[in-house]
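Here are the chains, one letter per residue:
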Amino acid sequence: MSDETVAVDSADYWPEGSEDVDEGIVANWFVRAGTRVEEGETLCEMQVEKVSVDVPAPAGGEVSEILVDEGDDFTRGDPLARIRSA
Amino acid sequence: MSQETHAEERELTMSRAMVGAIAHEMREDDEVFVMGEDIADYGGIFDSTEGLLEEFGHDRIMDVPISETSFIGAGVGAAQAGMRPIVELMFADFFGVAMDQIYNNMAKNTYMSGGSVSVPMVLMTAVGGTYNDAAQHSQTLYGTFAHLPGMKVVVPSNAYDAKGLMHNAIRDDDPVVYMFHKRLMGLGWMPAPEGPKTGVPDEPYAIPFGEADVKREGEDATVVTLGLHVHRALEAAEELAAEGIDAEVIDLRTLVPLDTDAVIESVRKTGRLVVVDEDYRSFGVTGEIVARTTEEALGDLHAVRRVAMPDVPIPYARPLENEVNPGVEDVADAVRSVQE
């Protein structure tokens, strides 16, 4: 068994109809660094223009790093967090 | 006591905590339903019903035409007929167009019918300013709703309390006005302060009405407040702690019933009372708390200050609104002034 780190890729959850937009914000985090999550659990809510999307955990494990703070902007494809799956 | 959030715990915004409670009660009881303007397809303009339509469909999550009189009246009727409606009044400011339904029917029909009907209805409404929406969309009107006998009045300040109070509101056989502050909901376009997002248990739990919560313990002054200003008071208390002033912060959580005992107990300890309210200064929450405290604990009271919205229509312009809406510094100054 080895630890593997999985990035939460914002592009994977981009809302339909927003293909021509490249900027988003993180409206809310529901976990912190250190929180243990199951695969599919909601990690955060991102907004692209005014469309809100819940971002699920791509893998189970421990949130090792939050990369975009609540209220901050990001560009499509930026990783939002990393999860260390054990 | 306050709910502390630890790193390992998942957190929810206040809106999601409210939705979680509503969804749970809807699964448990087919008589519970929600109606209001833009609460179905849009999910509530402040996210108070976000996601409910997908699970429960349009029969139980109903958008209604813009007629507060008709849909609040329909809610009262449904409640009297045995259902448990949750009716959203989009902005508390709009209560005026449905005042007869709220003040005379919702609040009084239990009494007027000699108890032959009850009105187990929740009137859920958005309150408060700080986002430049001007005089007709920024009021809290806590005093207006708490003034009239017959309705219970709930004002949560964080996600943990919002869920427990919502469970209790829906289960209560009396009409409940559930007033949520827009700034606390966790909206992307209206960022919340630190604090309203908390750990929230998955399982249902009810927070009884009439139990204030000491959000911070202190010895030097009692700060009594509610809603958004709980967080401003806590921030002021942190600032004051650095100066050696130890403020206690009491979150009323419900105005009707009002936990006078919690206020009196704290004032007997500190001797100094500061009441902070986002509603207007005159004929409101601040005056009521001060009056009750003087009636019961005059001998223990050394100094009193009120911090509230002045008696003016709330301005649209940002610098003017910031001037009238009590800020962290206003609270801190008031606590300093009662130390003298």
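Residues numbered from 1 in each chain as written. Chains lettered and ligands numbered in written order. Predicted model: local features only at pLDDT ≥ 70, side-chain atom pairs only at ≥ 80, totals over all residues.

1. A few points about the overall build of chain B
Point 1. The number of helices and strands found in chain B is twelve helices and 14 strands.
Point 2. Taking 2.2 N^0.38 as the reference for a compact globule, 340 residues should give roughly 20 Å; the C-alpha atoms of chain B span a radius of gyration of 19 Å, in line with that estimate.
Point 3. Evaluated residue by residue, chain B yields a buried proportion of 54% over its 340 residues.
Point 4. Of all intrachain contacts in chain B linking residues separated by at least 6 positions in sequence, the fraction that spans at least 24 positions is 78%. (Helix = DSSP H or I, 4+ residues; strand = E, 2+ residues; numbered from the N terminus. Rg over C-alpha atoms; globule rule 2.2 N^0.38 Å. Buried ≥ 20, exposed ≤ 12 C-beta atoms within 10 Å, placed from the backbone. Contact = placed C-beta atoms within 7 Å.)

2. Re the sheet that holds strand E14 (residues 303-309) of chain B
All names here are of chain B.
Point 1. Strand order in the open sheet formed by five strands is E9-E11-E10-E13-E14, and the pairing between neighbours is mixed. Lying at the two open borders of the sheet, with one neighbouring strand each, are strand E9 (213-216) and E14. This sheet shows a mean twist of 25 degrees between the axes of neighbouring strands, independent of strand direction.
Point 2. Where strand E10 (residues 221-225) lies against strand E11 (residues 247-251), five bridges are found, and the strand directions are parallel. Across the sheet, Thr225 pairs through a bridge with Asp251, a residue of E11.
Point 3. Against the sheet, helix H9 (residues 260-270) touches E10, E11 and strand E13 (272-280), its axis set at about 155 degrees to E10. (Pairing = 2+ DSSP bridges. Axes fitted to C-alpha atoms, helices over the stretch in contact; angles between N-to-C directions.)

3. Quick notes on the pairing of strand E4 (residues 42-48) of chain A
Residues and elements named next belong to chain A.
Point 1. Of all seven residues making up E4, five are buried, and the element is well covered by its neighbours.
Point 2. Sheet analysis places strand E2 (residues 23-29) next to E4, joined by four bridges and oriented antiparallel. Paired with Asn28 across the strands is Glu45, a residue of E4.
Point 3. Where E4 folds back on strand E5 (residues 51-56), the antiparallel hairpin that results is connected by two residues, among which Glu49 adopts a positive phi of roughly 50 degrees.

4. Examining the sheet that holds strand E1 (residues 4-9) of chain A
Residues and elements named next belong to chain A.
Point 1. Within the open sheet, the four strands sit side by side as E1-E8-E6-E3. Their pairing is antiparallel. The open sheet terminates on both sides in strands that have one partner only, identified here as E1 and strand E3 (36-37).
Point 2. Two elements, strand E6 (residues 61-66) and strand E8 (residues 79-85), share four bridges in a ladder whose sense is antiparallel. Note on E8: the bridge partner recorded for Glu62 is Arg84.

5. What to know about the domain arrangement of chain B
Residues and elements named next belong to chain B.
Point 1. According to the domain assignment, chain B consists of domain 1 (11-199) and domain 2 (213-337).
Point 2. Between the C-alpha centres of domain 1 and domain 2 there is a distance of 25 Å.
Point 3. Those elements that provide at least two residues to the side of domain 1 that touches domain 2 are helix H6 (142-146), strand E6 (152-154) and helix H7 (159-171). (Domains from an automatic or database assignment.)

6. Focus on the packing of helix H8 (residues 228-241) of chain B against helix H12 (residues 328-337) of chain B
The description of two packed helices rests on the angle between their axes and on the distance between the axes.
Residue and element names in this part refer to chain B.
Point 1. Relative orientation of the contacting elements H8 and H12 amounts to 55 degrees, with a least axis distance of 8 Å. Accordingly, the angle class assigned to the pair H8 and H12 is oblique. H8 and H12 meet at a crossing whose hand is right-handed. Within the contact between the two elements, H8 uses Arg232, Ala233, Glu235, Ala236, Glu239 and Leu240 and H12 uses Val328, Val331, Ala332 and Val335.
Point 2. Across the contact of H8 with H12, the residue classes tally to seven nonpolar, no polar and three charged. (Parallel < 35°, antiparallel > 145°, perpendicular 65-115°, else oblique. Left-handed = near helix turned anticlockwise from the far one by under 90°. Nonpolar A, V, L, I, M, F, W, Y, C, P; charged D, E, K, R; others polar.)

7. Here we look at the nonpolar core
Point 1. Judged by nonpolar contacts, the single largest core of 123 residues is most densely connected at Leu123, Tyr178, Val223 and Val335 of chain B.
Point 2. The residues contacting Tyr178 of chain B, other than those within four sequence positions of it, are Val122, Leu123, Met124, Val154, Met166 and Ala169 of chain B. (Core = buried A, V, L, I, M, F, W, Y, C linked by C-beta atoms within 7 Å.)

8. Focus: unusual backbone geometry
Comment: phi is negative for the bulk of residues other than glycine, and the bulk of peptide bonds are trans.
Residue and element names in this part refer to chain B.
Point 1. Pro257 follows Val256 through a cis peptide bond whose omega is -5 degrees.
Point 2. Looking at where Pro257 falls in the secondary structure, it is placed in the loop between strand E12 (254-256) and H9.
Point 3. Within the chain, Asp47 stands out as a residue other than glycine whose phi angle is a positive 70 degrees.
Point 4. Secondary-structure assignment places Asp47 in the loop between strand E2 (32-36) and helix H2 (52-56).
Point 5. Judged by local crowding, Asp47 falls into the buried class, with 24 C-beta atoms found within 10 Å.
Point 6. Phi at Arg253 is positive, roughly 65 degrees, even though this residue is not glycine.
Point 7. Mapped onto the elements of the fold, Arg253 is located in the loop between E11 and E12.
Point 8. Classification of Arg253 as buried rests on a count of 28 C-beta atoms within 10 Å.

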